[in-house]
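So the chains spell out like this:
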2 protein chains.
Amino acid sequence: MSQTEPAMQEAINPDDIRVVMVHTSHSGNIGAAARAMKTMGLTRLVLVSPADFPSEEAYARSSGAQDVLDQAQVVEDLDEAIAECGLVVGASARSRSLPWPLVNPREMADRVADHPAGSPVALLFGRERSGLTNEELARCHCHVNIPANPDYSSLNVAQAVQVMVYELRMRQVLAEPQTPERWGVTWDQPPARSEQLEGLFDHWEKTLVEIDFLDPNNPRTLMNKLRRLILRAQPDEVEANILRGMLTQVDKSIRKP
Amino acid sequence: MSQTEPAMQEAINPDDIRVVMVHTSHSGNIGAAARAMKTMGLTRLVLVSPADFPSEEAYARSSGAQDVLDQAQVVEDLDEAIAECGLVVGASARSRSLPWPLVNPREMADRVADHPAGSPVALLFGRERSGLTNEELARCHCHVNIPANPDYSSLNVAQAVQVMVYELRMRQVLAEPQTPERWGVTWDQPPARSEQLEGLFDHWEKTLVEIDFLDPNNPRTLMNKLRRLILRAQPDEVEANILRGMLTQVDKSIRKP
């Protein structure tokens, strides 16, 4: 085709995502949801006929996310909230009369990431007691179910929002090319070299014999377990030096016969 | 080795997991955390010097998870909470003076799943305002950070609990051998057969020509787009029949010249 295809981006643009809360009865939940959204970098909150908003309770629970509440769009019906959305995903419990495409939050994040940028996405959350109605669910391309305890699967609505927006953020985090970091953080010391560790283990063995902990005629099992333990920890140079320094001090302190 | 190795199970035993909340100031958060735990099948809550517990607020926010609150263990210091734990994981913001092994919640769930069954695991959550102290963090095998908006990364503590326990449950859900279901649910109708769909598309084309929508001299592009759309939806037999029945009805309604 000679036409340029719209760019299918792997990234999720926060401006494309709307969290839509339908007929929320407890305004504290609206505040908590706003906070949840902001922690994950989302700001577009839409409230369909909230029972009580704005309210002190909502603002109190929003903590530092008042701006999300200030910008929240309040509408009277779902149509207004989702009319221009190209992807509508509805939170749902599993059992409904008519099977509907159902994903878990992680799969939802994949679908959102695959959705063309610039086409708004709506995540629908229903009433505290009864969720979304069948009519509202029928507006959705797919439903999302948070895998939960079959005996008690009712997440608080703001908690459900937190889980969903967390998965969206994780999708972003995992999609970014990442320089693997040592232990997941920027480490401050280089790894101990093998030679350094051999010096450590040799010293260690000697000291353990000196203190009569190790039988010099059968040192192997213990030393191997020690090696395995220390190596699993992947010591850095300073750590290996610390261990070595401790052994030196023990040596100095040993009471000679 | 002739000894039997302790079984390294892939499963996560809920009884092994303790959610430990340290010096929680707002008891509503304790209730919300209890609810979050229960939705994900966990029940062992430990409270280290909570400011106000038990309380009406905690019970109100726990919704149907009062039993978790009833069974919550209240202790005076962290030692009591984690002494027998073989794996201690602490919620942490990224920047601390000494780098410490850091994982995200998904990696945390993998570590928990790999931990030997029967050895208790503690997930530590800190104060609302200041998190865990350096001393408390130093008790941890690793720290967990929830990837968040760098400009606003402070999740409410009960929300952080919800995300963590959700990841534990997802680990379970994804670990269980799953029979792939059609669209993620137990579908109620068999897929439409290709032959049935061909009949549908042929009929559709004819009807579109009849209503002067389709130029019989150049039908291909439109029909291909229609096919592609319908096939993407993977219709079942009943759905294909519905479409076919609609076309039949159109045919009957066409005003003949």
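With an unreviewed UniProt entry as reference, chain A is termed tRNA (cytidine/uridine-2'-O-)-methyltransferase TrmJ, source organism Saccharospirillum salsuginis. Check the Subcellular location (unreviewed entry) section of the UniProt entry for chain A; it says "Cytoplasm".

S.K.: So what's going on with the overall build of chain A? Which residues, and what values?
M.R.: Check the secondary structure of chain A and you find 10 helices and seven strands. In terms of overall dimensions, chain A is more spread out than a globule: its C-alpha atoms have a radius of gyration of 28 Å, far above the 18 Å expected for 257 residues. For chain A, the spread of C-alpha atoms along the three principal axes comes to 90 × 55 × 40 Å. Here the contacts in chain A between residues at least 6 apart in sequence split such that 83% fall between residues at least 24 apart. Here chain A holds 26 positive side-chain charges and 36 negative ones, and the gap between their average locations is 9 Å.

S.K.: Report on the relation of the copies chain A and chain B, specifying residues and quantitative values.
M.R.: Overlaying chain A with chain B gives an RMSD of 0.1 Å, the required rotation being 180° about an axis along which the chain moves by 0.0 Å. Such a combination of rotation and displacement between the chain copies is what one expects of a two-fold axis. Both copies present the same face, since 100% of the interface residues in chain A are matched by interface residues at the equivalent positions in chain B.

S.K.: Outline the domain arrangement of chain A, supporting the account with residue identities and numerical values.
M.R.: Assigned domains of chain A: these are domain 1 (14–175) and domain 2 (194–254). Computed from C-alpha atoms alone, the centre-to-centre distance between domain 1 of chain A and domain 2 of chain A is 55 Å.

S.K.: Give a detailed account of the nonpolar core, specifying residues and quantitative values.
M.R.: With 92 residues, the main nonpolar core has L45 of chain A together with L45 of chain B as its most contacted residues. Those residues in contact with L45 of chain A, other than ones at most four positions away along the chain, are V19, M21, I30, A34, M37, V68, L69, A72 and Q73 of chain A.

S.K.: Can you break down the pairing of strand β2 (residues 44–48) of chain A residue by residue, with the values?
M.R.: Residues and elements named next belong to chain A. Within β2, four of the five residues are buried, which leaves the element mostly enclosed by the surrounding structure. Two elements, strand β1 (residues 17–22) and β2, share five bridges in a ladder whose sense is parallel. Residue R18 lies in a different strand from β2, and its bridge partner there is R44. What joins β1 to β2 is helix α1 (residues 27–39), and the crossover it makes is right-handed. Judged from the three bridges that link them, β2 and strand β3 (residues 73–75) form a sheet pairing that is parallel. For V48, the partnering residue across the bridge sits in β3 and is V75.

S.K.: Any details on helix α8 (residues 194–210) of chain B? Residues and values, ideally.
M.R.: Residues and elements named next belong to chain B. Taking 1.5 Å per residue, 17 residues should reach 24 Å; α8 reaches 24 Å between its end C-alpha atoms and fits that length. Among the residues of α8, Q196, L197, G199, L200, F201, H203, W204, E205, T207 and L208 are the ones counted as buried. Tucked into the core, α8 has its buried residues touching α9 (220–232) and α10 (237–253). Immediately downstream of α8, the backbone of D212 shows phi near 60°, a positive value.

S.K.: Would you mind going over the interface of chain A and chain B in detail, with residue names and values included?
M.R.: Many authors give the size of an interface as the accessible area that is lost as the parts come together. Between chain A and chain B, the residue contacts involve 47 residues of the former and 47 residues of the latter. When the two sides are added together, the surface that chain A and chain B hide from each other amounts to roughly 3800 Å², 57% of it contributed by carbon and sulfur. For the pair chain A and chain B, the number of links is two salt bridges. With a shortest N-O distance of 2.7 Å, E167 of chain B and R106 of chain A are connected by a salt bridge. Applying the counting rule to chain A against chain B returns 16 residue pairs in polar contact (both at pLDDT 80 or more). For the side of chain A that touches chain B, the secondary structure elements donating two or more residues are α1, α5 (105–114) and α7 (157–175) of chain A. Looking at the side of chain A that touches chain B, its residues break down into 24 nonpolar, 14 polar and nine charged.

Criteria and cut-off values
Residues numbered from 1 in each chain as written. Chains lettered and ligands numbered in written order. Predicted model: local features only at pLDDT ≥ 70, side-chain atom pairs only at ≥ 80, totals over all residues. Heavy atoms only, no water. UniProt positions renumbered as here; feature names shortened; annotations may be inferred. Helix = DSSP H or I, 4+ residues; strand = E, 2+ residues; numbered from the N terminus. Rg over C-alpha atoms; globule rule 2.2 N^0.38 Å. Contact = heavy atoms within 4.5 Å. Lys, Arg positive; Asp, Glu negative; His and termini not counted. Charge placed at Lys NZ, Arg CZ, Asp CG, Glu CD. Least-squares fit on C-alpha atoms with pLDDT ≥ 70 in both. Domains from an automatic or database assignment. Core = buried A, V, L, I, M, F, W, Y, C linked by side-chain atoms within 4.5 Å. Buried < 20%, exposed > 50% of the residue type's maximum accessible area, 1.4 Å probe, protein only. Pairing = 2+ DSSP bridges. Right-handed = clockwise from strand over helix to strand, strands pointing away. Expected span 1.5 Å × (residues − 1). Buried area = accessible area lost by both parts, 1.4 Å probe. Salt bridge = Lys/Arg side-chain N within 4 Å of Asp/Glu carboxyl O. Polar contact = N/O pair within 3.5 Å; in protein donor to acceptor, adjacent residues only side chain to side chain. Nonpolar A, V, L, I, M, F, W, Y, C, P; charged D, E, K, R; others polar.

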